[in-house]
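Notes for the structure review
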Amino acid sequence: MQEKKKLQINKYLFISIASICAGIFVWWLVTDGLGIFRSNALPSPVKVASTFVKKWFETKPDGATLLQHLGASLQVALGGYLIGAIIGIPLGIFMAWNDKVDILVRPVFDLVRTIPGIAWTSVMVTLVGIGFLSKALVIFISAMVAMVINSYSGIKQTKTVHLWVGQTFGASNWELLTKVAIPSALPMIFTGLDVALGSAWTTLVAAELLASTKGLGFMIQQARGIFRLDIIIVGMIVIAITGAVLSSIIQFIGRKLIKGGRRG
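All values reported here derive from a predicted model rather than from experimental measurement.

1. Let's talk about the overall build of the protein
Helices and strands together make up the secondary structure of the protein, namely ten helices and zero strands. Its C-alpha atoms give the protein principal-axis dimensions of roughly 75 × 55 × 30 Å. The burial tally for the protein puts 38% of its 264 residues in the buried class. Considering only contacts in the protein between residues 6 or more positions apart, those separated by 24 or more positions represent 68%. Looking at the protein as shown, the accessible area adds up to about 15700 Å², and 69% of this sits on carbon and sulfur atoms. Distance between charge centroids for the protein: 5 Å, based on 24 positive and 11 negative side chains.

2. Here we look at the environment of A207
By secondary structure assignment, the location of A207 is in helix α8 (residues 173-210). On a C-alpha basis, the gap between A207 and K135 in space is 6.4 Å, while along the polypeptide they are 72 residues apart. The contacts of A207, once residues within four sequence positions are left out, are I118 and T121.

3. Structural notes on the packing of aromatic side chains
With the rule as written, the count across this model stands at two aromatic pairs. Both rings, one in F52 and one in W56, keep their centres 5.7 Å apart while their planes meet at 80 degrees; by these two values the pair is edge-to-face.

Procedures and definitions
Residues numbered from 1 in each chain as written. Predicted model: local features only at pLDDT ≥ 70, side-chain atom pairs only at ≥ 80, totals over all residues. Heavy atoms only, no water. Helix = DSSP H or I, 4+ residues; strand = E, 2+ residues; numbered from the N terminus. Buried < 20%, exposed > 50% of the residue type's maximum accessible area, 1.4 Å probe, protein only. Contact = heavy atoms within 4.5 Å. Areas by Shrake-Rupley, 256 points an atom, 1.4 Å probe, with all protein chains shown as cover. Lys, Arg positive; Asp, Glu negative; His and termini not counted. Charge placed at Lys NZ, Arg CZ, Asp CG, Glu CD. Phe/Tyr/Trp six-rings, centres within 6.5 Å; stacked < 30°, edge-to-face > 60°.

What follows is the structure, encoded as structure tokens:
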């Protein structure tokens, strides 16, 4: 069974790598290969790769290296994301567990969750200016919504029979929450963390287009103004890779914790 699963994973990995290579080949073919697109309309993968390497060491034309832009984006994204997790997960849990908290918080939450995260950018810039705090608050709102919804859903999906068994053995309300409801809701909670991470990352890049002096979004905005499509594509690739890596980390931690909880 393990061998079969391993072969299946290797098969999917091979197909994924092959599809990426095929996409890059088609990209090269329509640019350097056949010359269908000029370099000012679509840079070739060779040009983008060259720019990618150079941007790690050069600050031109936007005043920072690629690593500095990436570091600035990660700092803001993870800062707002962690605050969103600290507030959003407990809020979703207690809304689902306690009807009074649900009645009190839900009207405000239902209004906030319908507003796209990027829409808060102008408000935050007006309140706290351009900088770390304004972007972190936008990320916080965007990430918190997904975390609240998934934590809420996870607790609500706790099987009634499990709660009955706990009550039969004399478990208190707090024990039912911490030892029955939350462990059973962990898959949904980690799904929320994963969804929120993607939302936070995309919202950050959009926020940096409007309110930033450094970051991947800022780099893309500056490159757009001077028609440097190679830098724009480099920024897009780094955003995609970084988002995929962060998502993989969250999924790995989730699998380990959920598996460990089941063993216990």
